[in-house]
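Architecture at a glance
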Amino acid sequence: MKFATFASLACLVVSAFASANAPAADMNKTLYAYLRGTETGFDPAKYSDTGSVEIFKSIYETLLSYDYLARPQMLVPGSAEAMPEVSEGGRRYTFKVRPGIYFSDDPVFKGKKRELVAQDYVYSLQRLVDQNNRGAPWDFLFKGKIIGLDEKIADAKRTGKFDYDKPIEGFKAVDRYTFQVNLTRPDYLIPQMMGSPATGAVPREAVEAYGDEFDGHPVGTGPYRLREWQRRNHIVLEVNPNFRGITYTPPAGVKVDEHIAAQLAGKTFPRIGVIDIRVIEVPQAAWLAFDSKQLDVMQEMGTAYARMVAPNGALLPKYQDRKLQFYREAQGNTYWHMFNMEDPIVGGYTPEKIGLRRAISYAYDQQWEVNIVKQGQAMPAQTPIGPEVEGYDEHYRNSIYRLDPAYGNAILDKYGYKDCDKDGFREAPGCKPLLITYLDQSNRDTRDYDEMLQKLMSSLGIRLKMDKKTFSDLVKQRQAGQFMMSFGGWNLDYPDAENFMQLLYGPNAGPVNEARFKNKEYDQLYEQIASMPPSAERNAKLIRMSKIVAVQAPWILTNHALFSHIAQPWMIGYRPHPSSKEYWQYYDYDQDMRRSMTGR
């Protein structure tokens, strides 16, 4: 049966993409942008950091995508001709790959045009569960769902090699352009997963030819290709000459930014030939680059500078006079402090270990972080689920997330955390040493944050040590479970609560479930909600899962960030997306205006 027969998913059927004859990009136009955090590499099977994923979206194409302007977010065809056909009660999804899509030219193709076909998705999606790909950080998308896939994973663990040539029923090329997904159980989120940037198609011959060097030599069918890369410093993309070009048509009956839609009307995209991206991790440096007109757009401004430019969510008059374009809005994200549940001091599920984590949660001041650290540009988080996604309940309030250090101290007293040597700090039960080490990022300004954590722990009589590492090293340590306590955050891959709840699913313990939390009831509820369409019953299960997280305290939820974005007056067609991903292919600018204002 057709996708449209599922009432809960009917809104996904509308397509906003239309083929055009050829890209209209002007190679004399260069967009100057930046990444707020370092990238790791450009192999979608290996990396899940925000910087890398933003680049994936421009180089690779997924079967489905999200409409640029539709709010709330709407799935539309990407490399697929249309939305998938659904059959077998939600256990089978059939996609038709659009003929005539070609990978960017590469020596591995020996001078021939290489067309995208269904088998490319069979191969690319299996790569996401291959543990040899840096631990498979995206395996949560398909593990436990696809017929025959778990058996291949088990075989790979035994042999040390994933057998891509062994066919499975779960991922199947029915013919050259027909790709089929067959599931072990109904799953209404498969379309959303096929819109995640990690599911973009890669050509097997290029992956095998370049091996580990494929990280820096990506080959895709997307609007841009990699021209230059200076790791953790500078990335240059250029338009892919083989990209077919797209036009934008607003979907019927859906809210869009009409002003931006009018700017896009009748044009073929991409328009800009080169995207020049600098890695700028220090918010002050990023603002200075934008303020001096070295950057065309500034996605996700640092909180201090967003407050300086638009203290109440509106530009100050001097910036209005400059005709800057400004947006502040909620996006699908959640931030937290987390404990390593396998650590002998802060981990575990005995009453005293749960009591320690709960006590720390009662000493944590959500509102202080929102007001001081985030400077009003955040909302206190009540559940792991970010706003702007299916299953988020803006009215729910979790009673455990309240500031009550006296109660936290009483919990510690109850479970035997006392000051045995009378030095002002508690020891663990049995008068054993108690020192909590917090793994933090070194290359950013965290003074307010550090002071808040020290104050929090001091209010409980707990020693705290800050362990500062570069972001890339920090991620490696967290994913390897080499930490006691650290911070975490998640920007949605697809707008559904399941994408957040999988972060604490027991079988995902490791690179996805970094806290390594395991709870039988939570896992059972997760497996239920993962197979359910949106409903009041599903939402009740999500609330129950949130309560389990609060009680067991593998995380201390902090906030959902409100992001501020700013663009220069010459930008055309610029609109931030709730996914926090860049849509560079739709950006353009008035070249004469920019030249007159910048000299370039």
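Residues numbered from 1 in each chain as written. Predicted model: local features only at pLDDT ≥ 70, side-chain atom pairs only at ≥ 80, totals over all residues. Heavy atoms only, no water.

What to know about a positive patch on the surface
Our working definition: Only residues whose relative accessible area exceeds 30% and that take part in no salt bridge are eligible for patches, with like-charged residues grouped when within 9 Å of each other and nonpolar side chains (Val, Leu, Ile, Met, Phe, Trp, Tyr) grouped when within 5 Å. Using the Shrake-Rupley algorithm and a 1.4 Å probe, accessible areas are obtained, with residue cover drawn only from the displayed protein chains. Whenever Lys or Arg places a side-chain nitrogen within 4 Å of a carboxyl oxygen from Asp or Glu, that contact is recorded as a salt bridge. When charges are counted, Lys and Arg are positive and Asp and Glu negative, with His and the chain ends excluded. Charge positions come from single atoms, namely NZ of Lys, CZ of Arg, CG of Asp or CD of Glu. By definition, any uninterrupted DSSP run of H or I lasting at least four residues is a helix, any uninterrupted run of E lasting at least two residues is a strand, and each is numbered from the N terminus.
A surface patch of positive charge is lined by Arg134, Arg231, Arg232 and Lys476. Following the sequence through the fold, Arg232 ends up in the loop between strand S9 (224-230) and strand S10 (234-239).

Details of unusual backbone geometry
Just so we agree on the cut-off: Relative accessibility decides the category of a residue: with a 1.4 Å probe and only protein chains considered, values under 20% of the type maximum give buried, values over 50% give exposed, and everything between is partly exposed.
Following Arg71, the chain continues to Pro72 via a peptide bond in cis, the omega torsion being 5°. Among the structural elements, Pro72 can be located in the loop between strand S3 (64-66) and strand S4 (75-77). Of note, Lys110 is a non-glycine position whose phi angle comes to about 55°, a positive value. For Lys110, the location among the structural elements is in the loop between strand S6 (92-96) and helix H2 (118-127). Note on Lys110: relative accessible area 74%, which makes it exposed. We note that Arg232 has phi near 60°; this positive angle belongs to a residue other than glycine. Under the relative-accessibility criterion, Arg232 is labelled partly exposed at 41%.

Digging into the nonpolar core
Using the following cut-off: As used here, the term nonpolar core means buried Ala, Val, Leu, Ile, Met, Phe, Trp, Tyr and Cys residues forming a set that is joined through side-chain atoms within 4.5 Å.
With 154 residues, the main nonpolar core has Phe142, Phe171, Phe179, Met194, Leu237, Ile360 and Trp584 as its most contacted residues. Membership of the second largest hydrophobic core comes to 18 residues, among which are Leu295, Met301, Ala310 and Leu315.

Side note on the state of the cysteines
Joining two cysteines, a disulfide is a covalent bond between their sulfur atoms. Going by this rule: When the sulfur atoms of two cysteines come within 2.5 Å, that pair is taken as a disulfide.
Taken as a whole and assessed by the stated rule, the structure comprises 1 disulfide. Residue pairing for Cys420: its cysteine sulfur links by disulfide to Cys431, the two sulfurs lying 2.0 Å apart. Disulfide Cys420-Cys431: torsion about the S-S bond near -85°, hence left-handed. With a gap of 11 residues between them, Cys420 in the loop between helix H12 (405-414) and strand S17 (435-441) and Cys431 in the loop between H12 and S17 connect regions that are remote in the sequence.

Section: the sheet that holds strand S8 (residues 178-182)
Under the convention used in this document: For two strands to be treated as a pair, DSSP must find no fewer than two bridges joining them. Note on geometry: axes are lines fitted to C-alpha atoms, helical ones only across the stretch in contact, with angles between N-to-C directions running from 0 to 180 degrees. In this description, contact between two residues means that some pair of their heavy atoms is separated by no more than 4.5 Å.
The strand order across the open sheet formed by 4 strands is S5-S6-S8-S7, and the pairing between neighbours is antiparallel. Pairing within the sheet leaves two strands with one partner each, and these edge strands are strand S5 (85-87) and strand S7 (171-175). When the angles between neighbouring strand axes are averaged without regard to direction, this sheet yields 25°. Summarising the sheet, S5 and S6 pair through 3 bridges and their orientation is antiparallel. Along S6, the bridge assignment pairs Val86 with Tyr93. Of the strands in this sheet, S7 and S8 are in contact with H2, which crosses S7 at around 175°.

Some details on the packing of aromatic side chains
The test is simple: Geometry of aromatic contacts follows a simple scheme: Phe, Tyr and Trp rings, the Trp one being its six-membered ring, pair when their centres are within 6.5 Å, and the pair is stacked under 30 degrees between planes, edge-to-face over 60, tilted otherwise. Charge over a ring is defined by NZ of Lys or CZ of Arg lying within 6 Å of the ring centre and within 35 degrees of the ring normal.
For the structure shown, the criterion picks out 24 aromatic pairs. The structure contains a cluster of three or more aromatic residues connected by ring pairs, namely Tyr68, Tyr248, Phe269, Tyr583 and Tyr586. Seen from the ring of Tyr583, Lys57 lies directly overhead, with NZ or CZ sitting 3.9 Å from the centre. Between Lys374 and the ring centre of Tyr335, over which it is positioned, the NZ or CZ distance is 5.2 Å.

Details of the environment of Asn333
For clarity, the cut-off: Here a polar contact means two N or O atoms within 3.5 Å. Within protein one must be a hydrogen donor candidate and the other an acceptor candidate, and residues neighboring in sequence count only if both atoms are side-chain atoms.
In this structure, Asn333 sits in strand S15 (residues 333-339). Along the backbone, Asn333 and Ala381 are 48 residues apart, and their C-alpha atoms lie at a distance of 9.8 Å. Once you skip the residues sitting within four places of it in the chain, Asn333 turns out to touch Gly386, Pro387, Trp490, Asn491, Phe500, Asn559, His560, Ala561 and Phe563. Among the polar contacts listed, one links the side chain of Asn333 to the backbone nitrogen of Ala561, at a separation of 2.7 Å.

Quick notes on helix H11 (residues 366-373)
Selection rule: Think of the arc as the fan of directions from the helix axis to the C-beta atoms.
Restricting attention to buried positions, one finds in H11 the residues Gln366, Glu369, Val370 and Val373. The buried residues of H11 occupy one face: seen down the axis, they fall within an arc of 115°. Two or three places before Gln367, at the opening of H11, Asp365 has a side-chain oxygen 3.2 Å from that residue's backbone nitrogen. Following H11 by one or two positions, Gln375 has its phi on the positive side, about 50°.

So, the sheet that holds strand S12 (residues 272-279)
As a general point, the strands of a sheet are linked pairwise by backbone hydrogen bonds and lie either parallel or antiparallel. Spatially, the 4 strands line up as an open sheet ordered S2-S12-S10-S9, and their pairing is mixed. Taken across any chain shown, the strands that pair with only one partner, and hence form the sheet edges, are strand S2 (26-35) and S9. Averaged over all pairs of adjacent strands, the angle between their axes in this sheet comes to 20°, without regard to strand direction. Looking at chain direction, S9 and S10 are connected through 6 bridges and run antiparallel. Within S10, the position partnered with Leu226 by the bridge is Leu237.

A short note on the confidence of the model for the chain
In regions of low pLDDT, the predicted coordinates are not meant to be interpreted in detail. For the record, the criterion: The quantity called pLDDT is the predictor's confidence in a given residue, expressed from 0 to 100.
Looking at the chain, the pLDDT average stands at 93 and 96% of residues meet or exceed 70. Low pLDDT, under 50, characterises residues 1-21; the stretch is placed with 58 contacts to residues that sit more than four places away or in other chains.

Some details on H12
Note that an α-helix has 3.6 residues per turn; residues three or four places apart therefore point the same way. Listed in full, the buried residues belonging to H12 are Gly408, Asn409, Ile411 and Leu412. For H12, the angular spread of buried residues about the axis comes to 155°, placing them on one side. Those residues of H12 that are exposed and aimed more than 90 degrees away from the buried face are Ala406, Asp413 and Lys414. Where H12 is buried, its residues meet helix H10 (351-363). One or two steps after H12, the chain reaches Gly416, where phi turns positive at roughly 85°.

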